[in-house]
Amino acid sequence: MGRMEQIIEEIQNYIDECKYQPLSSSKIVVNKDELMEMLQELKEKTPDEIKRYQKIISNKEAILADAQAKADTIIAEAQVQTNELVSEHQIMQQAYAQANEVVMLATNQAQEILDTAMNEANAIRVAAMSYTDEILKNIENILTHSIDTSKARYDNLVGSLQSCLDVVTANRIELAPEEEPAVQGQPEPAVPSNQQNQQNQSGTADET
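Residues numbered from 1 in each chain as written. Predicted model: local features only at pLDDT ≥ 70, side-chain atom pairs only at ≥ 80, totals over all residues. Heavy atoms only, no water.

Asker: Break down the overall build of the protein chain for me, citing the residues and quoting the values.
Answerer: Within the protein chain, the secondary structure is distributed over three helices and two strands. Ordering the α and β elements of the protein chain from the N terminus gives α-β-β-α-α. Per-residue burial over the protein chain gives 7% buried out of 208 residues. Restricting the contact set of the protein chain to residue pairs at least 6 apart, pairs at least 24 apart contribute 58%. (Helix = DSSP H or I, 4+ residues; strand = E, 2+ residues; numbered from the N terminus. Buried < 20%, exposed > 50% of the residue type's maximum accessible area, 1.4 Å probe, protein only. Contact = heavy atoms within 4.5 Å.)

Asker: Give me the lowdown on the nonpolar core, citing residues and values where you can.
Answerer: As a rule of thumb, nonpolar side chains are buried together in soluble globular proteins. Listed in full, the seven residues of the largest apolar core are Ile7, Ile11, Tyr14, Cys18, Leu35, Met38 and Leu42. Of all elements in the fold, only helix H1 (3-17) and helix H2 (32-175) reach the threshold of two or more residues within this core. Aside from chain neighbours lying at most four places away, what touches methionine 38 is Ile7, Glu10, Ile11 and Tyr14. (Core = buried A, V, L, I, M, F, W, Y, C linked by side-chain atoms within 4.5 Å.)

Asker: Let's hear about the pattern of salt bridges: which residues, and what values?
Answerer: Enumeration according to the criterion identifies one salt bridge in this entry. The salt bridge involving aspartate 66 is made with lysine 70; its shortest N-O contact spans 3.3 Å. Residue aspartate 66 and its partner lysine 70 are located together in helix H2, separated by four residues, close to a single helical turn. (Salt bridge = Lys/Arg side-chain N within 4 Å of Asp/Glu carboxyl O.)

Asker: Lay out a nonpolar patch on the surface with the relevant residues and their values.
Answerer: Together, Ile135, Leu136, Ile139, Leu143 and Ile147 make up a nonpolar patch on the protein surface, roughly 450 Å² of accessible area in all. Considering the arrangement of structural elements, one finds isoleucine 139 in helix H2. (Patch = residues over 30% accessible without salt bridge, like charges linked within 9 Å, V, L, I, M, F, W, Y side chains within 5 Å. Areas by Shrake-Rupley, 256 points an atom, 1.4 Å probe, with all protein chains shown as cover.)

Asker: Tell me what's going on with the confidence of the model for the protein chain, and back it up with residues and numbers.
Answerer: Summing up the model confidence of the protein chain, the mean pLDDT is 76 and the portion of residues at 70 or higher is 81%. Below pLDDT 50 for its whole length, residues 201-208 participates in six contacts with residues either more than four positions away or in separate chains. (pLDDT = per-residue confidence, 0-100.)

Asker: Describe the environment of tyrosine 14, naming the residues involved and giving the relevant values.
Answerer: In this structure, tyrosine 14 sits in helix H1. Beyond its immediate stretch of four places on either side in the chain, tyrosine 14 contacts Val30, Asn31, Glu34, Leu35 and Met38.

Below is the structure:
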């Protein structure tokens, strides 16, 4: 509390302590000199107090102006940071979108390459199977022809041998007399040389 406020308070207390005039409820009896002394001091102190108040007011305005300036600075910095964050967010979104686009393109290209490779592999597989089947078919034809040829030759050989066997059997029957069967343990009669030659010639002719 400044001196000015103290003097005003002292004046108020002094007035409260003064006595009322007889037969009056509003008029009081004051000591003029004492009251004038307090008023004089108040008058003398008033310019100083006014200056002090003006200084306080000026300081307050300066403080408010400084606070306003600081607030404006903080707001401007916050706006800049907000703009930077927005820009960074937009950049991040663009980068994310570009990354997704790159991944999508790479995935599509990889899928196209895989599909092409699968189609080529299937084509090669079909061609290989067709080629293998053709080779097996040729081998089958060769083996069938070989079997047929071998069977025909074998049948001819068997037929020739059977003919020879039939001739030999017939010759033996002709040479063995029916009335004189060979005695067991006796050697068979010798075949004449001319008949043996005819038999050999007959067998040779049959083999040919």
